Amino acid sequence: GFMPFYPVKLVYVIKKELLSWKYLFFAWGLKALNPIPVSREANSGDFNMIRELACKYFSEQKHVLIFPSGTRSAVKDSINIPPSGILLAKKLKCRVLPVFIDTEAWARGKYIKDWGMIYPETITISFGNPISAEDIASLSIRENHEKVIAFYRKELESLSKS
């Protein structure tokens, strides 16, 4: 998991399907982390649930980790990250820490879409500059989202040079 690299209590937002019977042992481990399960479809019910639970977890000094949808695709060709994390931060009046994880070593599953093989490659994890709660409140969602996209582009460029 991600926890050894980030020394605070984390709550993951994950796909509901990962808690299903077809991933039985994996699902048991995930359930122990008390994740926030969401459906594949972007909908207001999931967003409202994430907002409510994030408020609860923030009061318990926990941080919420959201992986943008579609991020296990060929991100080097295009960066298609929805601004939902920034929108959530604006509603919660909190800061955002962009995190870049190069998962080229993690292939998409062939038989099971959610589960792929991890190959012996280097996985790069980079932390961007935090976007303050003040910037989240005063700048537009688009301006803050552009900060995240710029960070991802910089990380992708540095990967292609190495």
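Structure's up top.
Colleague: Residue-level account of the overall build of the protein chain, with values.
Modeller: What the protein chain contains, in helices and strands, is five helices and five strands. Starting at the N terminus, the α and β elements of the protein chain follow one another as β-α-β-α-β-α-β-β-α-α. Looking at the protein chain as a whole, 33% of its 162 residues qualify as buried. Surface summary for the protein chain: the accessible area is close to 10,600 Å², and the carbon and sulfur share equals 58%.

Colleague: So, unusual backbone geometry: which residues are in play, and what are the values?
Modeller: Positive phi values are uncommon outside glycine, yet Asn 34 reaches one of about 50°. Within the fold, Asn 34 resides in the loop between helix H1 (24–32) and strand S2 (36–38). Even without being a glycine, Lys 93 presents a positive backbone phi close to 60°. Here Lys 93 lies in the loop between helix H3 (84–92) and strand S4 (99–102).

Colleague: Requested: an account of a nonpolar patch on the surface, with residues and values cited.
Modeller: Where nonpolar side chains cluster on the molecular surface, the patch consists of Leu 24, Phe 25 and Trp 28 and spans about 370 Å² of accessible area. Since its relative accessible area comes to 63%, Phe 25 is described here as exposed.

Colleague: Summarise the pattern of salt bridges; cite the residues concerned and give the values.
Modeller: Throughout the structure, instances matching the rule amount to four salt bridges. A salt bridge links Glu 60 to Lys 56; the nearest nitrogen and oxygen atoms lie 3.2 Å apart. Notably, a salt bridge pairs Lys 62 with Glu 60, separated by 3.3 Å at the nearest N-O pair. Residues participating in the shared-partner salt-bridge network are Lys 56, Glu 60 and Lys 62.

Colleague: How would you sum up the sheet that holds strand S1 (residues 10–15)? Please name residues and give values.
Modeller: The strand order across the open sheet formed by three strands is S2-S1-S3, and the pairing between neighbours is parallel. The open sheet has two edge strands with one neighbour each: S2 and strand S3 (63–66). Strand after strand, the sheet turns through a mean of 25° between neighbouring axes, direction not considered. Pairing analysis gives four bridges linking S1 to S3, with the strands arranged parallel. Following the sheet pairing, Leu 10 is matched in S3 by His 63. Relative to S2, helix H2 (residues 44–59) is tilted by about 175°, and along the sheet it contacts S1, S2 and S3.

Colleague: Describe the packing of H3 against helix H5 (residues 141–161), listing the residues and the values that go with them.
Modeller: The N-to-C vectors of H3 and H5 enclose an angle of 125°; their axes lie 9 Å apart at closest approach. When the axes of H3 and H5 are compared, the pair comes out oblique. Note that H3 runs across H5; the crossing there is right-handed. Mapping the contact onto sequence places Ile 86, Leu 87 and Lys 90 in H3 and Ile 141, Asn 144, His 145 and Val 148 in H5.

Cut-off values and rules
- Residues numbered from 1 in each chain as written.
- Predicted model: local features only at pLDDT ≥ 70, side-chain atom pairs only at ≥ 80, totals over all residues.
- Heavy atoms only, no water.
- Helix = DSSP H or I, 4+ residues; strand = E, 2+ residues; numbered from the N terminus.
- Buried < 20%, exposed > 50% of the residue type's maximum accessible area, 1.4 Å probe, protein only.
- Areas by Shrake-Rupley, 256 points an atom, 1.4 Å probe, with all protein chains shown as cover.
- Patch = residues over 30% accessible without salt bridge, like charges linked within 9 Å, V, L, I, M, F, W, Y side chains within 5 Å.
- Salt bridge = Lys/Arg side-chain N within 4 Å of Asp/Glu carboxyl O.
- Pairing = 2+ DSSP bridges.
- Axes fitted to C-alpha atoms, helices over the stretch in contact; angles between N-to-C directions.
- Contact = heavy atoms within 4.5 Å.
- Parallel < 35°, antiparallel > 145°, perpendicular 65-115°, else oblique.
- Left-handed = near helix turned anticlockwise from the far one by under 90°.

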